[in-house]
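# Structural description and commentary
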Amino acid sequence: MPANSSLRRKETNWEYGTDYQYSLDVNEQLQQVMNQLRDKCYVINELQAEFGLASKIYIVIRMVNGQAPALYLEKDILTFASNVGAEIEVDLL
């Protein structure tokens, strides 16, 4: 048995999102993702409970020529985040 075989990663991640899309409203991209995940709350919560996982929603905004998109979250996105106990993080590039 190799010496490092007993080491366990403390973090891992599964990613689901969109490729870069020009938009002045982040909700356009968030809705694309939510349309795929909205009915998966039960499965996400089961996996979190079984494996001690946490959910986080990352919003990465790439500003072009100093233009920042509207940054607000629609109610259904906040409801989804709440239903899976997700934190929301926003990064501006």
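Rules behind the numbers
- Position labels on residues start from 1 in each chain and follow its written sequence.
- Whole-chain, interface and lining totals are the exception, using all residues; otherwise, since this is a predicted model, local features are given only for residues with pLDDT of at least 70 and side-chain atom pairs are given and counted only at 80 or more.
- Excluded from the side-chain calculations are hydrogens and water; all other atoms, namely the structure's heavy atoms, are used.
- Each cavity reported here is a set of points on a 1 Å grid over the protein atoms alone in which a 1.4 Å probe fits but cannot get out, each pocket an open set with protein on both sides within 12 Å along at least five of seven lines, and each lining residue one with an atom within 4 Å of a point.
- Grid points are joined across faces, edges and corners, and a volume is the space filled by probe spheres set on the points.
- Note on conventions: DSSP H or I runs of at least 4 residues are helices, E runs of at least 2 residues are strands, and numbering of each starts at the N terminus.
- All amino acids are sorted into three groups, where Ala, Val, Leu, Ile, Met, Phe, Trp, Tyr, Cys and Pro are nonpolar, Asp, Glu, Lys and Arg are charged, and the leftover types, Gly among them, are polar.
- Axis angles are defined between N-to-C directions and span 0 to 180 degrees, where every axis is a line fitted to C-alpha atoms and, for a helix, only to the segment in contact.
- Angular relationships are summarised with four words: roughly parallel below 35 degrees, roughly antiparallel beyond 145, roughly perpendicular across 65 to 115, and oblique for the angles in between.
- Take the far helix as your reference; a near helix turned counterclockwise from it by less than a right angle gives a left-handed crossing, and one turned clockwise gives a right-handed crossing.
- Residues count as neighbours in contact if any of their non-hydrogen atoms are within 4.5 Å of one another.
- Within 3.5 Å is the distance limit for a polar contact, defined as a pair of N or O atoms, with the added protein rule that one can donate a hydrogen and the other accept it, and that residues adjacent in sequence qualify only through two side-chain atoms.
- By definition, a salt bridge exists where a carboxyl oxygen of Asp or Glu is found within 4 Å of a side-chain nitrogen of Lys or Arg.

Quick look at the layout of surface pockets now. Of the pockets and cavities examined, the largest pocket occupies roughly 1800 Å³. Lining the largest pocket are 49 residues; nearest its centre among them are Trp14, Glu15, Tyr16, Lys56 and Tyr58. Only helix H1 (26-37), helix H2 (41-51) and strand S1 (56-61) provide two or more residues apiece to the lining of the largest pocket. Of the residues that constitute the lining of the largest pocket, the class distribution is 27 nonpolar, twelve polar and ten charged.

Right, let's get into the packing of H1 against helix H3 (residues 75-83). Their axes nearest at 10 Å, the elements H1 and H3 cross at an angle of 45°. Considering their axes alone, H1 and H3 lie oblique with respect to each other. In this structure, H1 crosses over H3, and the sense of that crossing is left-handed. Facing H1, whose interface residues are Asn27, Leu30, Gln31, Met34 and Leu37, H3 presents Asp76, Ile77 and Phe80. Class assignment for the residues of the contact of H1 with H3 results in five nonpolar, two polar and one charged.

Along the chain, Ser23 falls in the segment before H1. A polar side-chain atom of Ser23 sits 2.9 Å from the main-chain carbonyl oxygen of Asp25.

Further remarks concern the pattern of salt bridges. Tallied over the entire structure, the rule returns four salt bridges. A salt bridge links Asp76 to Arg38; the nearest nitrogen and oxygen atoms lie 2.7 Å apart. Within this pair, whereas Asp76 is found in helix H3, its partner Arg38 is found in the loop between H1 and H2, the two being separated by 38 residues in sequence. Through salt bridges that share partners, Lys56, Glu87 and Glu89 make up one connected network.

This part is about the side chain of Gln31. Tracing the chain through its elements places Gln31 in helix H1. A polar side-chain atom of Gln31 sits 3.1 Å from a polar atom in the side chain of Asp76.

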